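Observations on the model geometry
Letter by letter, the chains look like this.
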Amino acid sequence: MKKVLIVEDEKIACDNLGQFLLKKGYSPSCAYTFAEAREQIRSERHDIYLVDVRLPDGNGLELIPAIRGALSDAIIIILTAYATVENAVSALKSGADHYLIKPIDLEELLVVVRKEERLSVQQKTAALGTETPPLAGHEDLIGTSRVMLPVLDLIKRLCLSDASVLITGESGTGKELAARTLHYSGPRGKKRFVPVNCAALPEPLLESELFGHVKGAFTGALQDREGKFEYADGGTLFLDEIGELGLALQAKFLRILEQKSFVKLGSNRETVADVRILASTNRDLKEMVDKGLFREDLYWRLNVVEIHLPPLRERAEDIELFARHFLAQYAERSNKAVPALSPDVREIFREYPWPGNVREMENVLERAFILMESPTLTVDLLPTRLRNLASVVPPPAETGNEPLQKLLGDFERDVILKVLQQENGSRAKAAERLRISLRTLQYKLKEYNIT
């Protein structure tokens, strides 16, 4: 049982936290004063510290150096009834891992504790150069590689902030997942997370989608409509592919960031919305600024902090971790045992450049899981572009007179052709229905010679 020290001057609150944690499998103890807490830190090791800021004989933040000095890998969560950005920043700068507002929501506390435990395991594992089991829960960002751990740490530190964040990276690297983590791990987590794909709609429709309109604003506007900004009030608005915004819409968007208000189409009245803005792009916005395609003032407003998600090819240590994670998910949904990866498959996964990143890997593994009949995922279940990397590919099993590989390839080709036909040749819509990136679809079209 992991040991938890609760530093809290209100005895009832401390005892309630202790009873809750005991039921969840932890071993809690309480300290009611600064002096008592300091003595317990010196005399006994704990894995987790829940520390109130205001104690009758001192400031709880001043305990953090003593905890870090004795146990650098301990989890420290600050508890306070005074919710300000300054307090949050001060706690994190002092070395705390997280910050919770009193009265404490016990289930929220448990979520935070377990998330911090998982991150701690990842960091220790990376330092030792060993493997770690898949993380539970699709909402988790996975990674133990040296390039990913600083990203996870930055995300953790930004969860309590209301600052605008620009998330950059190639398609398929998990930009929306990073945005969701920022939202649901922070104080806005109980409010709405509203994603908007800026590339999916033409600009006139996108303007209505973002700001809403009043009845009669344009032909077909038969009633008032709430926009995404208003709908996200109190929560987070995630603008995916922000680089696709036209210059006119960029100007209106800049005003919202500066004034915290907007005007609906067809209206003269301003509407105020308390919304945190997270944006993502796979384009070089700075280069677009230099070319006059993106407003420089908007760029700096959005890019208060930038999170760059590295491509999968730069995260070789994470590849098998991802594979086990996705296979465990598919196995759980299908009530089957988690399959193993053959040595040849592991070698191919390490060598393949993964142009579609994590999204492409998820697609490859889901396809293989559906088709596999043995407890091990083998090379013959992989798409041709991956099979070609195998140094020695075992002869495929035969079904009648046709190799299994050809049957699988023909099946995939037929599915792609059918979806393309149903979407009137739109590759973007076909890729969305097939749950693959547009780039991955283009690779497949070239592979199967589909024009």
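Residues numbered from 1 in each chain as written. Predicted model: local features only at pLDDT ≥ 70, side-chain atom pairs only at ≥ 80, totals over all residues. Heavy atoms only, no water.

Here we take up the sheet that holds strand β6 (residues 75–80). Within a sheet, neighbouring strands are paired by backbone hydrogen bonds and run either parallel or antiparallel to one another. Taking strand neighbours across the sheet as the criterion, the five strands line up as β2-β1-β3-β6-β7 in an open arrangement whose pairing is parallel. A single partner strand is all that each edge strand has here, and the edge strands are β2 (27–31) and β7 (98–101). The mean inter-strand angle of the sheet, taken between neighbouring strand axes irrespective of direction, is 20 degrees. Examined bridge by bridge, β6 and β7 share four bridges and lie parallel to one another. Looking at β7, one finds that I77 is bridged to H98. Along the sheet, helix α1 (residues 11–23) makes contact with β1 (3–7), β2, β3 (48–52) and β6, crossing β1 at roughly 165 degrees. Relative to the sheet, helix α2 (residues 34–43) contacts β1, β2 and β3, its axis offset from that of β2 by approximately 135 degrees. (Pairing = 2+ DSSP bridges. Helix = DSSP H or I, 4+ residues; strand = E, 2+ residues; numbered from the N terminus. Axes fitted to C-alpha atoms, helices over the stretch in contact; angles between N-to-C directions. Contact = heavy atoms within 4.5 Å.)

Bringing the pattern of salt bridges into the picture now. Within this structure, the stated rule accounts for 16 salt bridges. Close ionic contact of R350 with E320 constitutes a salt bridge, the shortest N to O distance being 3.1 Å. With R350 in helix α14 (residues 343–351) and E320 in helix α13 (residues 319–334), this pair connects stretches of sequence that are 30 residues apart. Salt bridges sharing common partners tie together D153, K156 and R157. (Salt bridge = Lys/Arg side-chain N within 4 Å of Asp/Glu carboxyl O.)

A word on the packing of α13 against helix α15 (residues 357–371). Between α13 and α15, whose axes approach to 10 Å, the crossing angle comes to 45 degrees. Between α13 and α15, the angle falls in the class oblique. Two packed elements cross with a definite hand, and for α13 against α15 that hand is right-handed. Of the residues in α15, those touching α13 at I319, F322, A323, F326, L327, Y330, A331 and S334 are V358, M361, E362, L365, E366 and F369. Among the residues forming the contact of α13 with α15, the class breakdown is eleven nonpolar, one polar and two charged. (Parallel < 35°, antiparallel > 145°, perpendicular 65-115°, else oblique. Left-handed = near helix turned anticlockwise from the far one by under 90°. Nonpolar A, V, L, I, M, F, W, Y, C, P; charged D, E, K, R; others polar.)

Here the focus is unusual backbone geometry. A positive phi angle, near 50 degrees, is found at W354, a position not held by glycine. The residue W354 is located in the loop between α14 and α15 in this model. With a relative accessible area of 0%, W354 lands in the buried category. (Buried < 20%, exposed > 50% of the residue type's maximum accessible area, 1.4 Å probe, protein only.)

Attention now moves to the pairing of β1. With respect to burial, β1 is a largely interior element, four of its five residues being buried. Direction of pairing for β1 relative to β2: parallel, over a ladder of five bridges. Across the sheet, residue I6 finds its bridge partner in β2, namely C30. One ladder, built from four bridges, connects β1 with β3; its direction is parallel. In the sheet register, V4 faces β3, and the bridge partner there is I48.

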